[in-house]
Amino acid sequence: MQRKINENRHNCTIETARTSQAEERALPRREKLWRLLKILRYASDQHPSTEKHLKSSYQIFKENERLTLSYPVYVIHPFSVLRLYLDILIFVVMNLHLVLLPFAFSFLAFLSDPIRSMVEYTDLALCLVLFAEFVLQFSTGYVILETNDIVLDPRKIFFNRLRSFRLAYDLLLFLPYILVLEVFERWVYDAGTEACLAFVSFLYLTNIARFRDSNRYFRVIPRCLQVPESSIRIVQVILNTLYVLHWTTCVGYIIPLLLRVHPTAGTQEVNLLLAGMSANLQHPNLTAVVRSVSDPFVRQRLIDLETNASTTYRYFRSMMVTLRVSLSSSERKDLEQHFMYQWIMWLVMFLGWIWFNYVPVVLCRFFDSPEMATDQYDKFVGNLKAYAYNKRLSVELERELRANFAARFRTSYYDEELLMGLFPKNLRSSIRMETCRHLVGSVDLFKNLPYFILADIVNCLQLEVYLEDDVIIAAGSYGDSMYFLAAGTVAVYALNGKELGHLADGAYFGEISLIKRNQQRTANVIALEPCEIYRLSHEDFQNVIKPHTYLLNRIRKQAEQRLSMMKRKRDKMYGKKIIEAFLQ
C-alpha cells in the first residue's frame, strides 16, 4: 500500500511514515538490494491482472503480508513484477523455440554450414530458459478461476503442477530435440525413413497445440498496454494461424524426402537427391542429370540445388503449396503418389478446412458478442470515446471518465439495475447483505441491531466511485451522509492541512451525520487511489430507524457520548497548545 501511494505521487507527511522512509534510506546497500529482490516476488499493481483480483492498495498489502508471514521466501506471487517480466520473456523464448525447431529439421537438416550450428546453440539456450521456467512454476502461485482464490501454499502448488498429463505435457516442451539434428542425416540412411517420419510426426503432434501456452503468456503484453480484450483475441487468432501454417509448411516440406518420394522413383534418383541435399551436389553436367530424372519431386529439389535456391525461397514455396492444399485448391501434380504422403496431405487439407472456417466464425463472434462481459466493456468504452468527441470534452476530462468507468467495472461490464430487477425482493436483499454486511456490521452505532434493520440499511446504500485526489468530504461543510469505504485508500487532513492518517478497506466515516444533520465536518477526506464507497444518507437512515423508537434513542445516546468524547480530546489538545505557546 505504501508503495502504490508513493507511485501516485502522494507525499505522505505522517510522522511515522516519514520516520520509516528515513530509516529505509539509511539501510546498507546490501540490505536495500535484498529488499528489492523480495519486492520483485510480491504482488504489485504493475501487473495487469492485479486490478481485477486485488482492487485496492490495502488488498495488495494484505496479500503480501500473507505471503511474507505464512509461506517460504521462494514462493512467488502470480501478480508480482517478477512474474510479469518472466511472462514476457517466456513468450518470446517459447515462440522462438517453436519456430526454429521445425525450420531446422525441414530446411537445415541436410546442410553443414555455420547457420545450422548457430541455430542449434540458440535453440539449446532457449530450451535452458524454458527448463528454468518449468522449475520456477513449482514455486509460483496460481489463481483458481472458478472462485478467484489465489493459492500460495507450496504443497498445493506442487501437486497442481504434478498432475500426470500436465507434467508430461510441460516436459515435452523444453526437451532438446535439436540435438537429434546432428545425427538426423545418418539416421535417414541407417534407421530408415519410417523412424524419421515417426520422429517428425511426434514433433508435430506434441507442439502444434502449443499456441495455447503462447496465448497465456502473450495476454500480459497487451493488457499492460491497455489494449481492448476483443483486439487481443483477434491478434491471438492471427498469431495462431501463422503458427499452425509455419509448422505445417515445414512438415510438408520434409515428409516427401523422408518417404523417399514414391515407388516410381528409382533408388539411384533418391540417392542422388539425398547426396545432393547433404553435400550440395557438384556435377560437370548437372542440367543433363536433372533432365534424366523422371520423378517431379526429385527434379524440383535438384533444380533448387542447380540454381542455388535460397532457404527462404524454398520455405515460401512450401508455404504456398501448404496453403493450396489447406484451401483444397491444389492440383493433381502437387500430391505425391506415396500412400502415406496422400494420407498426410489429406489430413492437412481437412485440418486446414476446419481452421480456415473456424477463423471467420471466431472473428464474427468477436465483432458481435453482446453476451460477453469483456466485449460489452469494450463497447461501452467506445461509446465513451464517441460521447467525449461529440461533446468536445477535453482530453483530461475524457481520461477521467474512462478512469471512473474502469474503476467501477474493472474490464467486465454489467447492467446492475437490469440484473437486480430480474430477482425477487428477498433475493436482492440477500445479494446486498452478502456484499455489504461486513461494512455495516463493523460500525459501533449499528452493533446489536436486528438482522432485518441491518438489511434495510444495506438496501439504502448507494455505490459511488472516487478517483485519485477527489475530495470526498470537505472540512467546514455540513454533512448529510455516512460513508463506507469498500475498496481503496483515503487520507484524512485537519483544517490546518496537517495529514492525520489513512483509511483503507472496511473503514467508515461521517457517522454522526446520521443522527445530527448538518453537523459541520471537521476534516478533509481525499482519495489517494480509485475508491469504491457506499453512501448512506441521513433521510434514508431516519426512514429505516424511526419506526423503532427505542433503537433510535439508543443510537442517539451513543452518538452524543462519542461527540462529547471527541470534544474533550479537541479541547485537551487545544489547551495543551496554548500552554506550550505561553511557555515559549
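Scoring rules and cut-offs
Residues numbered from 1 in each chain as written. Predicted model: local features only at pLDDT ≥ 70, side-chain atom pairs only at ≥ 80, totals over all residues. Heavy atoms only, no water. Helix = DSSP H or I, 4+ residues; strand = E, 2+ residues; numbered from the N terminus. Contact = heavy atoms within 4.5 Å. pLDDT = per-residue confidence, 0-100. Salt bridge = Lys/Arg side-chain N within 4 Å of Asp/Glu carboxyl O. Buried < 20%, exposed > 50% of the residue type's maximum accessible area, 1.4 Å probe, protein only. UniProt positions renumbered as here; feature names shortened; annotations may be inferred. Pairing = 2+ DSSP bridges. Axes fitted to C-alpha atoms, helices over the stretch in contact; angles between N-to-C directions. Parallel < 35°, antiparallel > 145°, perpendicular 65-115°, else oblique. Left-handed = near helix turned anticlockwise from the far one by under 90°. 1 Å grid on protein atoms, 1.4 Å probe; cavity = no way out; pocket = protein on both sides within 12 Å on 5 of 7 lines; lining within 4 Å. Points joined across faces, edges and corners; volume = space filled by probe spheres on them. Nonpolar A, V, L, I, M, F, W, Y, C, P; charged D, E, K, R; others polar.

**Student:** Would you mind going over the environment of Pro72 in detail, with residue names and values included?
**Tutor:** Residue position: Pro72 is located in the loop between α5 (57-70) and α6 (81-107). With 80 residues separating them along the chain, Pro72 and Leu152 place their C-alpha atoms 9.7 Å apart. Apart from the residues lying within four places of it in its own chain, the contact partners of Pro72 are Arg41 and Pro154.

**Student:** Which residues make up the confidence of the model for the protein, and what are the values?
**Tutor:** A residue-level look at the protein finds 72% of positions with pLDDT of 70 or above and a mean pLDDT of 77. Segment residues 1-8 is flagged for pLDDT under 50; beyond a separation of four residues in sequence, or across chains, it makes 24 contacts in the model. Counted against residues more than four places away or in other chains, residues 261-266, with its pLDDT under 50, gives 15 contacts.

**Student:** Explain the pattern of salt bridges to me, using residue names and the numbers behind them.
**Tutor:** Summed over all chains, the structure comprises 10 salt bridges. Close ionic contact of Arg116 with Glu120 constitutes a salt bridge, the shortest N to O distance being 3.7 Å. Of the two residues, Arg116 and Glu120 both sit in helix α7 (residues 114-136), four residues apart, roughly one turn of that helix. Here Arg116 and Glu120 have matching classes, each one buried. For the salt bridge of Asp170 with Arg161, the shortest nitrogen-to-oxygen distance reads 2.8 Å. We classify Asp170 as buried; its relative accessible area is 12%. Accessibility expressed as a relative area gives 7% for Arg161, which makes it buried.

**Student:** Provide a residue-level description of the UniProt feature "transmembrane region" (unreviewed entry) in the protein, including the pertinent values.
**Tutor:** The feature "transmembrane region" (unreviewed entry), as given by UniProt, occupies residues 84-111, 123-145, 165-181, 187-209 and 339-356 in the numbering adopted here. Between the C-alpha atoms that bound residues 123-145 there is a distance of 34 Å. The span itself is 61% helix and 13% strand. Annotated as residues 165-181, this span is 65% helix and 0% strand, and its ends, taken at the C-alpha atoms, are 27 Å apart.

**Student:** An account of the pairing of strand β6 (residues 481-487) is requested, with residue identities and associated values reported.
**Tutor:** Consecutive side chains of a regular strand alternate in pointing toward one face of the sheet and then the other. Of all seven residues in β6, seven are buried; the element is thus mostly enclosed. By the bridge criterion, six bridges tie β6 to strand β12 (residues 531-537) in an arrangement that is antiparallel. Counted as the bridge partner of Leu485 is Ile533 from β12. With two bridges joining them, β6 and strand β9 (residues 508-509) adopt antiparallel strand pairing. Across the sheet, the residue bridging to Phe484 is Tyr508, located in β9.

**Student:** Before we move on, could you go through the sheet that holds strand β8 (residues 499-503) and cite the residues and values that matter?
**Tutor:** Taken together, the four strands give an open sheet; going across it, the order is β4-β11-β7-β8, and neighbouring strands pair in antiparallel fashion. If you trace the sheet from one side to the other, it starts and ends with β4 (471-473) and β8, each paired once. The mean inter-strand angle of the sheet, taken between neighbouring strand axes irrespective of direction, is 30°. Alignment of β4 against strand β11 (residues 524-527), held across two bridges, turns out to be antiparallel. Looking across to β11, one finds that Ile473 is bridged to Val525.

**Student:** Kindly report on the sheet that holds β9, identifying the contributing residues and their values.
**Tutor:** With respect to topology, four strands assemble into an open sheet ordered β3-β12-β6-β9, the strand pairing being antiparallel. At either margin of the open sheet sits one strand with a lone partner, and together these are β3 (462-466) and β9. Where helix α21 (residues 395-409) meets the sheet, its contacts fall on β3 and β12, and the angle it forms with β3 comes to roughly 130°. Against the sheet, helix α25 (residues 538-545) contacts β3, β6 and β12, and its axis sits at roughly 55° relative to β12.

**Student:** Tell me about the packing of helix α24 (residues 451-459) against α25, and name the residues and values.
**Tutor:** Contact pair α24 / α25: the axes reach a minimum separation of 10 Å and the direction vectors enclose 155°. In terms of orientation, α24 and α25 fall into the roughly antiparallel class. The way α24 lies across α25 gives a crossing that is right-handed. Between α24, through Ile453, Asp456 and Ile457, and α25, the contact on the second element is made entirely by Phe541, Val544 and Ile545.

**Student:** So, empty space enclosed by the protein: which residues are in play, and what are the values?
**Tutor:** All told, the structure shown has three cavities of 30 Å³ or more when counted by the stated rule. Considered as a void within the structure, the largest cavity measures approximately 50 Å³ in volume. Lining the largest cavity are Pro102, Phe105, Ser106, Val200, Leu203, Trp247, Cys250, Val251 and Ile254. Sort the elements by how many residues they give to the lining of the largest cavity and helix α14 (residues 229-258) lands first, with four residues.

**Student:** Explain the packing of α6 against helix α12 (residues 211-218) residue by residue, including any values.
**Tutor:** As a packed pair, α6 and α12 sit with axes 8 Å apart at the nearest point and diverge in direction by 145°. Handedness of the crossing formed by α6 with α12: left-handed. Contact residues: α6 offers Arg83, Asp87, Ile90, Phe91, Met94 and Asn95, while α12 offers Asp213, Ser214, Tyr217 and Phe218. For the contact of α6 with α12, the class distribution of residues is five nonpolar, two polar and three charged.

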